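Structural overview for review
Chain residues, written in single-letter form:
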Amino acid sequence: MRQDVKQLLVVEDDSQIAAIVRDYLDAAGFAVRIAANGDAALAIARTDRPDAVILDLGLPGRDGLDVLRELRRDGDTPVLILTARGEETDRVVGLELGADDYVVKPFSPKELVARVRAILRRVESRTGHAEIIRAGGVEIDVPRMKVTVNDRPVDLTASEFALLLALAREPGRVFTRLHLLDILRGVAFESYERAIDAHIKNLRRKIEPEDGPPRFIQTVYGVGYRFAEPAP
Ligand code: CA
């Protein structure tokens, strides 16, 4: 069995910031490894299988978004991205690529620790209890984080999975984009409503029929989304 101490990988080329982040996470009871560039980060991620990755997007050489893309190709390790103020496009792209949360520099180390804990809690609550949801051909094996549509397996990112799960658990219920943001990150920012739309678009591409209107995830115009209710 895996030891109880959560392993974190911090990817940050600024050694001062990396040291501060490590000290705070260390004090919070995490085991921390630091990588100063993208290649080192991917090597560590593949061998150590950390519980979560804290990823600076501004890296020399292979940039943070590229590292994120590679991490997502390898699996769904939770990723929290660090960005500088004014790099909103990078943040949105990062969330679209499947990052679980972000923190804007300069950040409070305490806030960073809180965000990391929240991400890990979400992962644990997803895997905590045996639950299988079946709705209109979509089957969600919650603890295994496996989704099939008409018995065809679908690969989802952690964020897409969380959104689909929330929607499919309560067919018919309308969720606002802000509510869905809450589900993803615990913190709602209006400017990220567009990121929700991008996640939903990706989800639909993966689970909806290729032709015609969406069968499962319906748009509620001006509000948000809902999972289709079963036909009476
Ligand atoms: Ca940097």
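Along each chain, residues carry numbers from 1 onward, in the same order as the chain's sequence is written. Where totals are concerned, whole chains, interfaces and linings use all residues; where local detail is concerned, this predicted model gives features only for residues with pLDDT of at least 70, and gives and counts side-chain atom pairs only at 80 or more. Side-chain measures here rest on the full set of heavy atoms in the structure, leaving out hydrogens and waters.

**Focus: the overall build of the chain**
Just so we agree on the cut-off: Working definition: helices are DSSP H or I runs of at least four residues, strands are E runs of at least two. Numbering for both runs from the N terminus. A contact between two residues is defined here by any heavy atoms of the two lying within 4.5 Å. Only the protein chains shown count as cover for residues, with accessible areas throughout obtained via the Shrake-Rupley method and a probe of 1.4 Å. Counted as positive: Lys and Arg. Counted as negative: Asp and Glu, with His and the chain ends omitted from the count. Where a charge lies is defined by one atom per residue type: Lys uses NZ, Arg uses CZ, Asp uses CG and Glu uses CD.
Along the backbone of the chain there are eight helices and twelve strands. Taken over the C-alpha atoms alone, the chain extends approximately 60 × 45 × 30 Å along its principal axes. A separation threshold of at least 6 residues defines the contact pool for the chain, and within that pool the share at least 24 residues apart is 57%. Carbon and sulfur atoms provide 49% of the accessible area of the chain, an area that totals close to 11700 Å². Here the chain holds 34 positive side-chain charges and 38 negative ones, and the gap between their average locations is 2 Å.

**Describing the domain arrangement of the chain**
Put simply, the rule is: Throughout, the edges of the domains are those of an automatic or database domain assignment. Buried area is a sum: the accessible area each of two parts loses on coming together, probed at 1.4 Å, counted once for each and added. We count a salt bridge whenever a side-chain nitrogen from Lys or Arg sits within 4 Å of a carboxyl oxygen from Asp or Glu. Polar contacts, as used here, are pairs of N or O atoms within 3.5 Å; protein pairs need one atom able to donate a hydrogen and one able to accept it. Residues neighboring in sequence count only if both atoms are side-chain atoms. When residues are sorted by character, Ala, Val, Leu, Ile, Met, Phe, Trp, Tyr, Cys and Pro go into the nonpolar class, Asp, Glu, Lys and Arg into the charged class, and all the rest, Gly among them, into the polar class.
For the chain, the assigned domains are domain 1 (7–126) and domain 2 (132–227). Each partner contributes residues to the interface: domain 1 has 15 residues there, and domain 2 has 21 residues. In total, domain 1 and domain 2 occlude about 1500 Å² of area from one another, counting both sides; carbon and sulfur atoms represent 52% of this. The interface formed by domain 1 and domain 2 includes zero salt bridges. At the junction of domain 1 and domain 2, the tally comes to one residue pair in polar contact (both at pLDDT 80 or more). When contributions to the side of domain 1 that touches domain 2 are tallied by element, the ones reaching two or more residues are helix 4 (88–96), strand 5 (101–105) and helix 5 (109–127). If one sorts the elements of the side of domain 1 that touches domain 2 by residue count, helix 4 sits on top with five residues. Classifying every residue of the side of domain 1 that touches domain 2 by side-chain character gives four nonpolar, one polar and ten charged.

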